[in-house]
Amino acid sequence: MDYLKVIGQKKLQGSVTISGAKNAALPLLAATILSKNKITIDNLPIVADIKTLLKLLEMLGSSYSLDKSMLQIDSTSISKTKATYDIVKTMRASILVLGPLLARFGHCEVSLPGGCAIGQRPVDLHLKALEQMGAKIEIKNGYIQATTDGPLQGAKIIFDKITVTGTENIVMAAALAKGTTTIINAAKEPEVVQLCEVLKDAGVDIQGIGTNEITIQGKNQELLNMKDFTIIPDRIEAGTYLCAGAITNSILTIQNARADHLDAVLSKLEQMGFMIIKENSSITILPANRIKPVNITTTEYPGFPTDMQAQFMALATMADGVSIIDETLFENRFMHVGELVRMGADITLNGTVATIKGTPRMLYGADVMATDLRASSALVLAALVAKGETNIHRIYHLDRGYNKLEEKLTNLGASILRGKEKL
Ligand code: EPZ
């Protein structure tokens, strides 16, 4: 296993180019199951989760070639419809093949994704919605066994909770269903929007894209004529690098970023005293004279993203005052707290609410352990500003969603090296 060694308190400068969005690429790769032609996808993020989903699609019968971030993929020859536990356990977003496989083949078996570090993360809403569309769903030996007699039927789906991958699964299933599907209380994340836009370009009549009510006219199992497309920039990677600039109080520019996908994050950075300059596809952050404390409640898009909560908690340890962060989406997304406290942060938890006493304080380098994808990035941010050396262990979590992070940070002036754990 790898670890990262960081020597803190280096100023950063320069610019970093943001990769394609992992959480846009995952549903879009699953959507190739619906395509009757081979397609080219550009700006694919080369991160572990993407490689895992490509491995799953290849197991099902897809073929692909990858040249840097340009992917050519042909899922027309898929013949298998079983997503096995060994793959799904490593990447819960594999659940995204459920809707497309069922819509195209009328049957599939997908391993139930277990919980994960940040929470139990059930998929009950995905399954209930597919049943409303006529699917017969059984859970057997840890697998979701789904079948339909003929095409899925369009239905009116009202999600009890806003679910990103739930919305994506049903949009894809509805694209090949017979009749009209309306999703009420749909997720509005930019990644959901791009999926809908790609399907619309492939000939699916979709209305309400980007709103919480999406209506899809199904193609009655007629495969789609998908067009080539480019993955949108990763707003969470962009937010993470902005926090790297903020926590080291540096001038930093991020290229190939969509400021309009980051309103809530940019607004919180400005509330903390940082200046943000938005240009066409770049965002520059300028240092704050005094880092002010901040209050954050995570919520669905366009509200403050839960995937930026850990990074802002690291930043809040440097604020002059007390910050409050309320994590409303996941029940266990504070595992970075213990590690930040070991570095000298003053953070107390009360249920879903974290209180961070900043009063500019010193963080000290330490051996710390990554526990989940975004917690790992929070530890990197803390290490950038800590006095001395920090070793971050189990960074396979980080590799799931960040492409060449240590290279990008080194190019900005950080002292960060990847090493192999001594066995
Ligand atoms: C997506 O996960 C993202 N993953 C997550 O990003 C992100 O944190 C999350 O949305 C929230 O924005 C991908 O897009 C691949 P949800 P998802 O279904 O779809 C409950 C990262 O860091 N729920 O929107 O799995 C659930 O427990 C990852 O890149 C049900 O109760 O999240 C949670 O409380 C981490 N039943 C809430 O809804 C269901 O059937 C939101 O979950 C589905 C969800």
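In short, a report on the structure. (Residues numbered from 1 in each chain as written. Predicted model: local features only at pLDDT ≥ 70, side-chain atom pairs only at ≥ 80, totals over all residues. Heavy atoms only, no water.)

1. Considering the overall build of the chain
So, step 1. Each helix and strand in the chain was counted, giving 14 helices and 24 strands.
So, step 2. Taking 22 Å as the expected radius of gyration for a compact globule of 423 residues, we find that the chain reaches 22 Å, a close match to that expectation.
So, step 3. In the chain, which comprises 423 residues, the share counted as buried stands at 57%.
So, step 4. In the chain, the share of contacts with a sequence separation of at least 24, taken over all contacts with a separation of at least 6, comes to 74%.
So, step 5. The average position of the 44 basic charges and that of the 43 acidic charges among the side chains of the chain differ by 3 Å. (Helix = DSSP H or I, 4+ residues; strand = E, 2+ residues; numbered from the N terminus. Rg over C-alpha atoms; globule rule 2.2 N^0.38 Å. Buried < 20%, exposed > 50% of the residue type's maximum accessible area, 1.4 Å probe, protein only. Contact = heavy atoms within 4.5 Å. Lys, Arg positive; Asp, Glu negative; His and termini not counted. Charge placed at Lys NZ, Arg CZ, Asp CG, Glu CD.)

2. Here's the deal with helix 6 (residues 164-175)
So, step 1. Taking 1.5 Å per residue, 12 residues should reach 16 Å; helix 6 reaches 17 Å between its end C-alpha atoms and fits that length.
So, step 2. Here helix 6 lies mainly inside the structure; 10 of its 12 residues are buried.
So, step 3. By the burial criterion, the buried members of helix 6 are Gly166, Thr167, Glu168, Asn169, Ile170, Val171, Met172, Ala173, Ala174 and Ala175.
So, step 4. Put simply, Thr163 is the residue that caps the front of helix 6, since its side-chain oxygen is 2.9 Å from the backbone nitrogen of Gly166. (Expected span 1.5 Å × (residues − 1). Polar contact = N/O pair within 3.5 Å; in protein donor to acceptor, adjacent residues only side chain to side chain.)

3. Some details on the pairing of strand 7 (residues 107-111)
So, step 1. Sheet analysis places strand 6 (residues 82-83) next to strand 7, joined by 2 bridges and oriented parallel. Bridged to Ala83 within strand 7 is Val110.
So, step 2. Relative to strand 9 (residues 143-147), strand 7 runs antiparallel, the two sharing 5 bridges. Pairing of Glu109 across the sheet is with Gln145, part of strand 9. (Pairing = 2+ DSSP bridges.)

4. Topic: the sheet that holds strand 7
So, step 1. Read across the sheet, 4 strands follow the order 6-7-9-8 without closing on themselves; strand pairing throughout is mixed. At either end of the open sheet lies a strand with only one pairing partner, and these are strand 6 and strand 8 (136-140).

5. Description of the sheet that holds strand 23 (residues 389-393)
So, step 1. The 4 strands are arranged 22-23-1-24 in an open sheet whose pairing can be described as mixed. Two strands close off the open sheet at either side, each with one partner strand: strand 22 (367-369) and strand 24 (415-420). With direction set aside, neighbouring strand axes in the sheet form an average angle of 25°.
So, step 2. The sheet contact formed by strand 1 (residues 2-7) and strand 24 spans 6 bridges and is antiparallel. (Axes fitted to C-alpha atoms, helices over the stretch in contact; angles between N-to-C directions.)

6. Focus on the nonpolar core
So, step 1. One finds Leu29, Val97, Leu130, Met133 and Leu199 to be the most contacted residues of the largest nonpolar core, which totals 77 residues.
So, step 2. Aside from chain neighbours lying at most four places away, what touches Met133 is Leu152, Gln153, Ala155, Ile157, Ile170, Ala173, Ala174, Ala177 and Thr181.
So, step 3. The next biggest cluster of nonpolar side chains, apart from the first, holds 73 residues, and it includes Leu340, Ala354, Ala382 and Ala386. (Core = buried A, V, L, I, M, F, W, Y, C linked by side-chain atoms within 4.5 Å.)

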